[in-house]
Amino acid sequence: MKGTVFPATSSGEQDEEGAPLVPPATEEIAEEGGAPPCKDGDAPVARLPTGWSLSSLGTVLRTRGVGSVMVGLVLLALLLGARRWIDLDASSLLGNTVSIGAGQRRRHHSNSTAPPVPIAFTCGNQTSPQQSKCPAPPAPPLPAGGPAPSCPDYFRYIHDDLRPWRDAGITREAVERARRHAYFRLVVVGERAYVETYQRAYQTRDVFTQWGILQLIRRYPGRVPDLDIMFACDDPGQVRAADFPTPSEAPPVFRYCKDASTLDVVFPDWSFWGWPEVGIRPWTQMLEEVRQENERVRWPERQPYAFWKGNPEGYRIRHELLRCNLSNGQEWNARVFTQNWNHAIQNGFKDSRIPKQCIYRYKVYVEGNAWSVSEKYILACDSPVLFITTPFQDILSRGLIAGKHYWPINREHVCKSIKFAVDWGNEHPTQVRLIGEQGSRFVREEMSMDYIYDYMLHLLTEYAKLLRYKPTVPEKAVEICTESMACPAQGLHRDCMMDSMERHVASFEPCTLPPPFTPEEAKEIADREKEVLRNVENMEG
């Protein structure tokens, strides 16, 4: 089965020494390197900070190069002078952030006291593990009592992503037109999944994306509807809105990120379930290891500079960042390193492990070919993230609030902006340290696997409602299931699958999808962000 072939190298290409060549389009892990083999860990209980609302106008603003800047710096628009922040305590800096529809701190129902229902898994005694048969889906649980909490507000972008087809619906012809963009087609009929592969994805992006959907079916049996989706495993969005005056004629293409000019549908990236080629463990296990490192090296003891490590080749913005290293007597407060991937692979990523890079007070996030997988790992370090503004959006960046979860860096003068941020942060450790803690808490709680699965479920459910035909299994499709993918897997591929496997049926309801953004919310957020950006520019002088 094509969907479960695990390549020995990253893309099938090798250098003269046999090391996999890493093309620029997939450099995003370079910032944070690798980690030891996957092993068991428990998912943290998901908790949400005070509710907030964003608007789809954030998408429009990104076309102006403002990246993921959200409402968190609203206080600055009210309190800051033209040149510098006045001394504020941490509660003043973050506590007065204006939020539309603010509510109480929410908790996911993963803390249900109902007894867990285990899901069977066995590879059997077949002489060939590839012959593992797909069992029937697990039985749905009894309805959980009590109302489910509301999902985080970034779930509201589900409505935005599906808006082009909201009125006319999605026809089979529209899905077929998406084939030229897709790496695979995934069909779910009666909770059984089938894949038709069109082209090989880089490394195992396609494999672990499909694996994640299979785990969703195991987690929430009886809830995943019949589906027919086309999935693209490359980076930038490709479905240009300008090419479709009638938006409903656009082909619906699922992928990991988009920008304001594209109509692609954003889906969680494959690395939430592990990235074995570079030693990245599943998200839950990686979070625990980073947490331990955060406790080992507390923020005041960390090096007082901004850190980034990655592959700059082919990316102008990353070459701009390299200039921020100490040179010709000019101190920009940055420590920037180039990642040699062949060397990193040969030494088992010993010098590039994600947790061991949490030794700097500030971390830099910068785009590559599009959004970067490194984003969530960088935010998890408890160090304030200096986020170079970007037009690319994934499910994480659309939930971030500037000044609360990260500090925005102007991409037009990166070094100057980084120097100011570090100088200010070192002079105001209480305020800036809280930004780092808020960003880390966001990825731990609002981006926990509980919410990743709920996001997937709501997105696929809303998408299925728009289908104007009944999905059927393509002639060339192959059935996939947890057994057919995990049983033939070997090494770190198998370890990551076993560690990220859903072993119990959810004994709780998924969170409740919040409504779309209103036009009033969109205008209010857009106006507020413009004012915030002006203040940041004035601060830097």
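For every chain, the first residue of the written sequence is number 1, and numbering continues from 1 along that sequence. Per-residue local features are limited, in this predicted model, to residues with pLDDT of at least 70; the limit for side-chain atom pairs, both in listing and counting, is 80 or more; totals at the level of whole chains, interfaces and linings are taken over all residues. Derived side-chain values reflect all non-hydrogen atoms in the structure, with water molecules and hydrogen atoms excluded from consideration.

1. Observations concerning the sheet that holds strand β11 (residues 407-409)
Okay, so step 1: By definition, two strands form a pair when at least two bridges between them are found by DSSP. For the purposes of this entry, the term helix denotes a DSSP run of H or I that reaches at least four residues, the term strand denotes a run of E that reaches at least two, and both are numbered from the N terminus. Read across the sheet, five strands follow the order β8-β7-β9-β10-β11 without closing on themselves; strand pairing throughout is parallel. In this open sheet, the two strands that pair with only one neighbour each are β8 (334-338) and β11. The mean angle between the axes of side-by-side strands here comes to 30 degrees, regardless of whether they run parallel or antiparallel.
Okay, so step 2: Note: strand β10 (residues 385-388) against β11, three bridges, orientation parallel. Within β11, the residue paired with Phe-387 across the bridge is Pro-408.
Okay, so step 3: Running over the sheet, helix α11 (residues 414-427) touches β7 (303-310), β8, β9 (360-365), β10 and β11 and is turned about 155 degrees from β11. Note on definitions: angles span 0 to 180 degrees between N-to-C directions of axes, and those axes are lines fitted to C-alpha atoms, for helices only across the stretch in contact. Residue contacts follow a heavy-atom distance rule, with two residues in contact if any of their heavy atoms lie within 4.5 Å.

2. Let's talk about the pattern of salt bridges
Okay, so step 1: Each reported salt bridge corresponds to a side-chain nitrogen of Lys or Arg within 4 Å of a carboxyl oxygen of Asp or Glu. In total, this model carries 29 salt bridges according to the counting rule given.
Okay, so step 2: Note that Arg-156 is salt-bridged to Glu-521, the shortest N-O span being 2.8 Å. Taken together, the residues span a long stretch of sequence, with Arg-156 in the loop between β1 (117-118) and α4 (157-162) and Glu-521 in helix α16 (residues 519-540) at a distance of 365 residues. The pair Arg-156 / Glu-521 is uniform in exposure class, with both members buried.
Okay, so step 3: The partner of Glu-293 in a salt bridge is Arg-296, with the nearest N and O atoms 2.5 Å apart. Residue Glu-293 and its partner Arg-296 are both found in helix α7 (residues 283-296); the two are separated by three residues, about one turn of the helix.
Okay, so step 4: Buried means the residue's accessible area, taken with a 1.4 Å probe over protein chains only, is under 20% of the maximum for its type, while exposed means over 50%, and partly exposed covers the values in between. Assessed through its relative accessible area of 5%, Glu-293 is described here as buried.
Okay, so step 5: Given the relative accessible area of 53%, Arg-296 is considered exposed.

3. Remarks on the nonpolar core
A general tendency of soluble globular proteins is for nonpolar side chains to be buried together.
Okay, so step 1: By size, the foremost hydrophobic cluster in this structure holds 102 residues, and its most contacted members are Phe-155, Phe-254, Trp-273 and Tyr-463.
Okay, so step 2: Considering every element that reaches this core, the biggest residue donor is helix α13 (residues 449-466), with twelve residues.
Okay, so step 3: The criterion is simple. A nonpolar core is a set of buried Ala, Val, Leu, Ile, Met, Phe, Trp, Tyr and Cys residues joined through side-chain atoms within 4.5 Å. One finds Trp-299, Ala-334, Val-366 and Val-432 within the second-largest nonpolar core, a separate group that totals 25 residues.

4. With respect to the packing of helix α6 (residues 205-219) against helix α15 (residues 491-500)
Axes are the key here: two packed helices are described by the angle between their axes and the distance separating the axes.
Okay, so step 1: Between α6 and α15, the least distance of the axes is 11 Å, while the angle of their chain directions is 25 degrees. As summarised for this structure, α6 and α15 are arranged roughly parallel, according to the angle between their axes. α15 is crossed by α6, and the crossing has right-handed handedness. Together, Val-207, Phe-208, Trp-211 and Gln-215 of α6 and His-493, Cys-496, Met-497 and Ser-500 of α15 make up the contact between the two elements.
Okay, so step 2: By the convention adopted, Pro, Cys, Tyr, Trp, Phe, Met, Ile, Leu, Val and Ala count as nonpolar, Lys, Arg, Asp and Glu as charged, and the other residues, Gly among them, as polar. Its residues placed into classes, the contact of α6 with α15 shows five nonpolar, three polar and no charged. For classification purposes, an angle smaller than 35 degrees is called roughly parallel, one larger than 145 roughly antiparallel, one from 65 to 115 roughly perpendicular, and anything else oblique. The hand of a helix crossing depends on one turn: near helix anticlockwise from the far one by less than a right angle means left-handed, and clockwise means right-handed.

5. So, the state of the cysteines
By definition, a disulfide links the sulfur atoms of two cysteine residues through a covalent bond.
Okay, so step 1: Any pair of cysteine sulfurs within 2.5 Å is marked as a disulfide. For the coordinates displayed, the defined rule picks out five disulfides.
Okay, so step 2: Disulfide pairing is shown between Cys-151 and Cys-511; the S-S distance is 2.0 Å. Taking the sign of the S-S torsion, 100 degrees for the link of Cys-151 and Cys-511, the bridge is right-handed. Placement of the pair is Cys-151 in the loop between β1 and α4 and Cys-511 in the loop between β13 (504-505) and α16, with a sequence separation of 360 residues.

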